Each structure stands twice: as structure tokens, then as C-alpha cells.
Amino acid sequence: MTEPLIYEISASGRIGVNLPQCDVPESELPSELMRDELALPEVSELQVVRHFTRLSQRNFGIDTTFYPLGSCTMKYNPRLNEDVARYDGFAKLHPLTDEAGAQGALALMYQLQTWLAELSGFSRVSLMPAAGAHGELAGILMIRKYHADRGDTKRTKILVPNSAHGTNPATVTMAGFEAVELPSDENGDVDLEALRAACDDTVAGMMITVPSTLGVFEDQILEVIEAVHACGGLMYMDGANMNALMGIVKPGELGFDVMHYNLHKTFSTPHGGGGPGSGAVGVNEKLLPYLPGPIVDIVEAPQAEEAAPLYGWVMPEKSIGRVKAFHGNFGMHIRAYAYIRAYGGEGLKAVSEHAVLNANYIRVKLHEAYHVPYDRICAHEFVLEGRFKGVDEVHALDISKRLIDYGFHPPTNYFPLIVHEALMIEPTETEDKVTLDAFIDAMLHIAKEAHENPELLRSAPHEAPVSRVDEVRAAKQLVLCCQPALPQAETD
Ligand SMILES: *Cc1c(COP(=O)(O)O)cnc(C)c1O
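Every value quoted in this text rests on a predicted model; they were computed, and no experiment measured them. (Residues numbered from 1 in each chain as written. Predicted model: local features only at pLDDT ≥ 70, side-chain atom pairs only at ≥ 80, totals over all residues. Heavy atoms only, no water.)

### Let's talk about the overall build of the chain
Phase 1 of the analysis: Looking only at helices and strands, one finds 14 helices and 12 strands in the chain.
Phase 2 of the analysis: Taking 492 residues into account, the globule formula puts the C-alpha radius of gyration at 23 Å, and the chain, at 25 Å, falls close to it.
Phase 3 of the analysis: The principal-axis extent of the C-alpha atoms belonging to the chain is close to 80 × 70 × 50 Å.
Phase 4 of the analysis: A burial count over the chain gives 46% of its 492 residues as buried. (Helix = DSSP H or I, 4+ residues; strand = E, 2+ residues; numbered from the N terminus. Rg over C-alpha atoms; globule rule 2.2 N^0.38 Å. Buried < 20%, exposed > 50% of the residue type's maximum accessible area, 1.4 Å probe, protein only.)

Pasting the structure below:
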């Protein structure tokens, strides 16, 4: 066993909390759940406050800095969302409360299911999955059950373009299928010939990220969908990045059978640091009976004109079952509901238009100083190469680290894999022109520095509390400590 970790500011006997008087009968905890060797730091309330406040100040967050982390949609989370999520009736509702006692929460979830379905052209949505990748798994398991129910057991493959998000092939494998990679053509679209050659009666479906990780919308999406349907496969759309599509295109109407949403991206609920997310999943009529559940439905129509319906939990007929304890991350459902309700349909369309405008603005301002391999009108994000002709020693990582000195969070690095030294930039709609211009200026400066003084980039960041770390060692030999960097008194 490894040594228990004791934080160095811990002092035996220090207490940071006052527990309220117990108002329920005391009972013994099961001994198998109790550990003696668990070393916890003993600290005062002030030490805890200082520790976490200091960490929060060292951190980059959307509330302090522009955060163009491609594919992650780091948009501002309006404070209205937080206010609503803290209403006592929501925040203090116990997940075991019976249906009759939770009608308000059920009404909210029902409305959110309905709005998400409407926004994307699907028949119904389950809010249960806890994150995007989790929604993907639920979706592919539905496809598996759909084929199994028809006795169609030959279908063992799922097609995945090489411009897909990394979670897509991982999901396919976890769901028990073989992931078959498809190449992209010179525009970054799926290579239609390769697709048609791969379509046969062993294909269960295709999983495609739209817009792709290159930030572009497939020109031939209808042909792609038709080819897969023609061989009996179903179409999965990775809809984590709906931020360019809301109010503009409905994936369900394009012909997709199933899609997940990332409420913690497009719908502004907070994320980062592995916090709770929500990967709601929507389906068309074909997959309706397989949705993970239970889901909220109206179980009794309103008795009078003004009355509310009665909501309840209903298990879809051939459901793949539960994918999460209780009902998903309800706090995220509240925030997404507040966000959609505050914007309304026209507002959400404007969100998408501004997200696309902002991304294209940066792309066009940077595409001379940096090489943009698929330089066409992009959706919510675009990818450029973080390397320069004649400056071999500078890599994408160096550009990212140098951006920290200019006060910006780096873009996504080394993803997608089909672009060398990729830097994936997603500004989102919540940034104004002044911020975008400041970021563009910093990127142009860095491009100049790369030619004039590459070492400046290679040793960056220079202004951050922690300079460049050996990322592998930092992860493998984690040294946790609480000690603040106190000003050191000069000794002699
Ligand atoms: C973020 C993202 C995912 C995964 O979502 P998680 O909530 O991180 O699991 C999947 N696909 C795409 C395109 C994404 O951007």
C-alpha cells in the first residue's frame, strides 16, 4: 500500500467545520465501509478558504479569461442559470422524492426533453446520460439492440470517419462493435467512394461528428446518410457541438436516427475539471422504444383547461435500461432549461449565427500568418497548424504556452489527429469584437516571435505562476501540497 498522503499544513486537532445538531436518530455505519488508515488533512476554515481561493485565482476560467478551447464550447454560463439552479425547490429536492412530490422538477425535465427534441427534429429525448461520451454509448447500445431485436446479428461494424471526435471510435469499441475508419477527401469531407465501398450487410451504422472536428459541415451529408441507410445501417450524429446548428438545421430532418447533445457545451451549463455534465440523447421513431429510461412523460392529461398535467416516470418498452443512478444530472437540466427559456427560438438561432461569425472572423484574420489546412467557411470552430516554414523547433504546444503569457487560455492542441500540429480554435458567441481582436493580435505577435526569437516560445510561459512543466512526470509523480508561495525573506 502506498503511504497515505498528509498535506503539509495539516495539524492534529484542527477543525474547520461545525456540524449542526443531529436531527435524525443515530445509527451505526456498516463497518465494511469504514477505514482507519484514511489520512485526511486537519485544517481550519480559514486555511481551507485561502487554499481554494488561491487555487481559483491561479486557474484560467471562462469568468476571467477568453477560453478558445476548440470542441469544448467554453461559453459564458449566464448567472441566471445559477440563480434558478439554487431555488430551494430544485436544489433541495431529494432524488428519492416520489412523483407526486416532484411535479415541478418533472415538468421542467419534460419541457427540456420537448425543447431539445424540437430543436433537433427528433421524436424524443432521454436526459439520463451524464456526459457526451455517455450519451454516445447509450446511442450505440440502442443501435445494437435495434439490430439484435430483428435477429440481424451479422452487423458487427460501425463506420467512423477519421475526422470524428476521439470518443466516437472508443464508444463503438466499448459497445462491442468494430470501428472501421473512413478517410476524408481533400476538402475534409467524408470520402464518399470509400464510404460506399465499406457499406454492406455487416454495417450496423455510422457514427459521424457534425460539424466535423475540422470545424466544417459536410457538404454531402445527405449522400452519406443515404448510403448508410441503403445498406441497412443506422446513422448516429455526434451532436456535442450544436453551437453552429441551432435554429439552422435539424439533424433529425436530415435523416439521422440518433444523436447526443452536450448540455454542458451548447446549452452553457458549466464544465471543466470533470464536473457534472449532461449528454442527453435524442432518437427518431425507429429507436423510440430503446431509449434509456425511465424518462418523464405525461401520465394523466389535465383535468380542466387551466390545470397542469400529471407527470410521471415511464420506461420505454424495449429500453436499453438505466444508464445512470436516479435521473441524470438534474442541476444541469435546470441550467439548460433556464438558458433555452431565456433565449427562445430566435435567440438560439442568433447564438449559432454569432458563434459561426466569430470563428470565421478569427480564421480570416489569421490565415496568412498561420496555415489553415481546410480553409473554407467554418462552423463554430476551425483548425490551424501550429508550425511555421523554416522554424522547425517551434511546435503547437509552444504557441499555446506563449498564449498564456498574453493572458489567454490555449486552444485545443494536437486534435484532430489528421492535422499536423493542430490548434483548434473555438471562440463561441459570448465574446465581443474587442476580445477577439486582442486574441488575434496576440496570435499575430506570437507568429512574429516564432521567426525572430523561437526560444521565447519554447520556454514559455514566463508570466504564469508555474512555468513549463514536464507533463508526463507531473501526471505520474504527482506532488500535492497546500503551501502557498509565501514571499521569502532575503537571508543575507
Ligand atoms: C466534448 C465532445 C464529446 C465528449 O463529451 P464529454 O461530455 O466530454 O464526454 C464528444 N464529441 C464531441 C464532438 C465533443 O466535442
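### Focus: the sheet that holds strand 12 (residues 422-425)
Phase 1 of the analysis: Read across the open sheet, the three strands follow the order 10-12-11; overall the sheet is antiparallel. Unpaired on one side and paired on the other, strand 10 (382-385) and strand 11 (412-413) mark the two borders of the sheet.
Phase 2 of the analysis: Taken strand by strand, helix 10 (residues 330-366) contacts strand 10 and strand 12, and its axis lies near 20° from that of strand 10. (Pairing = 2+ DSSP bridges. Contact = heavy atoms within 4.5 Å. Axes fitted to C-alpha atoms, helices over the stretch in contact; angles between N-to-C directions.)

### With respect to the pairing of strand 2 (residues 157-161)
Phase 1 of the analysis: The element strand 2 is extensively covered by neighbouring structure, given that four of its five residues are classed as buried.
Phase 2 of the analysis: In terms of strand pairing, strand 2 meets strand 3 (residues 178-182) through five bridges, oriented parallel. Along strand 3, the bridge assignment pairs lysine 157 with glutamate 178.
Phase 3 of the analysis: The handedness of the strand 2 to strand 3 crossover, carried by helix 6 (residues 167-174), is right-handed.
Phase 4 of the analysis: Summarising the sheet, strand 2 and strand 4 (residues 203-209) pair through three bridges and their orientation is parallel. Residue pairing for strand 4: isoleucine 158 is matched across the bridge by glycine 205. (Right-handed = clockwise from strand over helix to strand, strands pointing away.)

### Structural notes on the side chain of serine 120
Phase 1 of the analysis: When you line up the elements, serine 120 lands in helix 4 (residues 103-120).
Phase 2 of the analysis: Setting aside its immediate chain neighbours within four residues, serine 120 contacts Met242, Lys250, Pro251, Gly252, Glu253, Met259 and Tyr261.

### Describing the packing of aromatic side chains
Here the distance between the centres and the angle between the planes together describe a pair of aromatic rings.
Phase 1 of the analysis: Considering all chains together, one arrives at 11 aromatic pairs under this definition.
Phase 2 of the analysis: Where tyrosine 87 meets phenylalanine 90, the ring centres are 6.2 Å apart and the plane angle is 15°; that geometry is what we call stacked.
Phase 3 of the analysis: For tyrosine 87, a relative accessible area of 48% translates into the label partly exposed.
Phase 4 of the analysis: Between the aromatic rings of phenylalanine 267 and tyrosine 339, the centroid separation amounts to 6.5 Å while the plane-to-plane angle is 85°, which identifies the pairing as edge-to-face. You can see phenylalanine 267 sitting in the loop between strand 6 (258-261) and strand 7 (281-283) and its partner tyrosine 339 sitting in helix 10, a full 72 residues away along the chain. The burial state of phenylalanine 267 is the same as that of tyrosine 339; both residues are buried.
Phase 5 of the analysis: An aromatic cluster of three or more residues is present, and its members are Phe66, Phe408 and Phe439. (Phe/Tyr/Trp six-rings, centres within 6.5 Å; stacked < 30°, edge-to-face > 60°.)

### Some points on the site of the ligand
Phase 1 of the analysis: In the region of the ligand, 14 residues are neighbours, and Ser71, Gly132, Asp238, His264 and Lys265 sit closest.
Phase 2 of the analysis: With respect to the ligand, the backbone of alanine 133 contributes an N or O atom lying 2.8 Å from an oxygen atom.
Phase 3 of the analysis: Taking histidine 165, its side chain carries an N or O atom lying 3.4 Å from a nitrogen atom of the ligand.
Phase 4 of the analysis: Against a free-state accessible area of 380 Å², the protein chains account for coverage of 85% of the ligand.
Phase 5 of the analysis: Ranked by the residues each element gives to the shell around the ligand, the list is headed by helix 5 (residues 132-149), at three residues. (Near = heavy atom within 4 Å. Polar contact = N/O pair within 3.5 Å; in protein donor to acceptor, adjacent residues only side chain to side chain. Areas by Shrake-Rupley, 256 points an atom, 1.4 Å probe, with all protein chains shown as cover.)

### Quick word on the sheet that holds strand 3
Phase 1 of the analysis: Strand order in the open sheet made by the seven strands is 1-7-6-5-4-2-3, with mixed pairing throughout. Looking along the sheet, the strands with just one partner apiece sit at the ends: strand 1 (124-126) and strand 3. The mean inter-strand angle of the sheet, taken between neighbouring strand axes irrespective of direction, is 25°.
Phase 2 of the analysis: Contacting strand 2, strand 3, strand 4 and strand 5 (234-239), helix 6 runs over the sheet at an angle of about 155° to strand 4.
Phase 3 of the analysis: Lying on the sheet, helix 8 (residues 221-230) is in contact with strand 4 and strand 5; it crosses strand 5 at an angle near 140°.

### With respect to helix 12 (residues 433-452)
The α-helix advances 3.6 residues per turn, and as a result positions three or four apart in sequence lie on the same side.
Phase 1 of the analysis: If you check helix 12, its first and last C-alpha atoms are 28 Å apart, about what 20 residues at 1.5 Å a residue would give, namely 28 Å.
Phase 2 of the analysis: Of all the residues in helix 12, the buried ones are Leu436, Phe439, Ile440, Ala442, Met443, Ile446, Ala447, Glu449 and Ala450.
Phase 3 of the analysis: Residues of helix 12 that are buried sit in contact with helix 10, strand 10, helix 11 (396-405), strand 12 and helix 13 (454-458). (Expected span 1.5 Å × (residues − 1).)

### What about empty space enclosed by the protein?
Phase 1 of the analysis: Counting across every chain of the model gives one cavity of 30 Å³ or more.
Phase 2 of the analysis: The space that makes up the largest cavity amounts to roughly 50 Å³.
Phase 3 of the analysis: Every residue lining the largest cavity is listed: Met109, Gln113, Ser126, Leu127, Met128, Pro294, Ile295, Val296, Trp313 and His327.
Phase 4 of the analysis: Mapped onto the lining of the largest cavity, the elements with two or more residues apiece are helix 4 and strand 8 (295-300).
Phase 5 of the analysis: For the lining of the largest cavity, the class distribution of residues is seven nonpolar, three polar and no charged. (1 Å grid on protein atoms, 1.4 Å probe; cavity = no way out; pocket = protein on both sides within 12 Å on 5 of 7 lines; lining within 4 Å. Points joined across faces, edges and corners; volume = space filled by probe spheres on them. Nonpolar A, V, L, I, M, F, W, Y, C, P; charged D, E, K, R; others polar.)

### Here's the deal with unusual backbone geometry
Phase 1 of the analysis: The omega torsion of the bond from glycine 293 to proline 294 falls at 5°, within 30 degrees of zero and hence cis.
Phase 2 of the analysis: Secondary-structure assignment places proline 294 in the loop between strand 7 and strand 8.
Phase 3 of the analysis: Residue proline 461 is reached from alanine 460 by a cis peptide bond, and omega for that bond is 5°.
Phase 4 of the analysis: Structurally, the position occupied by proline 461 is in the loop between helix 13 and helix 14 (471-476).
Phase 5 of the analysis: For serine 71, which is not glycine, the phi torsion reads 80° and is therefore positive.
Phase 6 of the analysis: Mapped onto the elements of the fold, serine 71 is located in the loop between helix 1 (45-58) and helix 2 (79-85).
Phase 7 of the analysis: Positive phi, normally seen in glycine, also occurs at glutamate 421, with a value near 50°.
Phase 8 of the analysis: As for its placement among the helices and strands, glutamate 421 is situated in the loop between strand 11 and strand 12.

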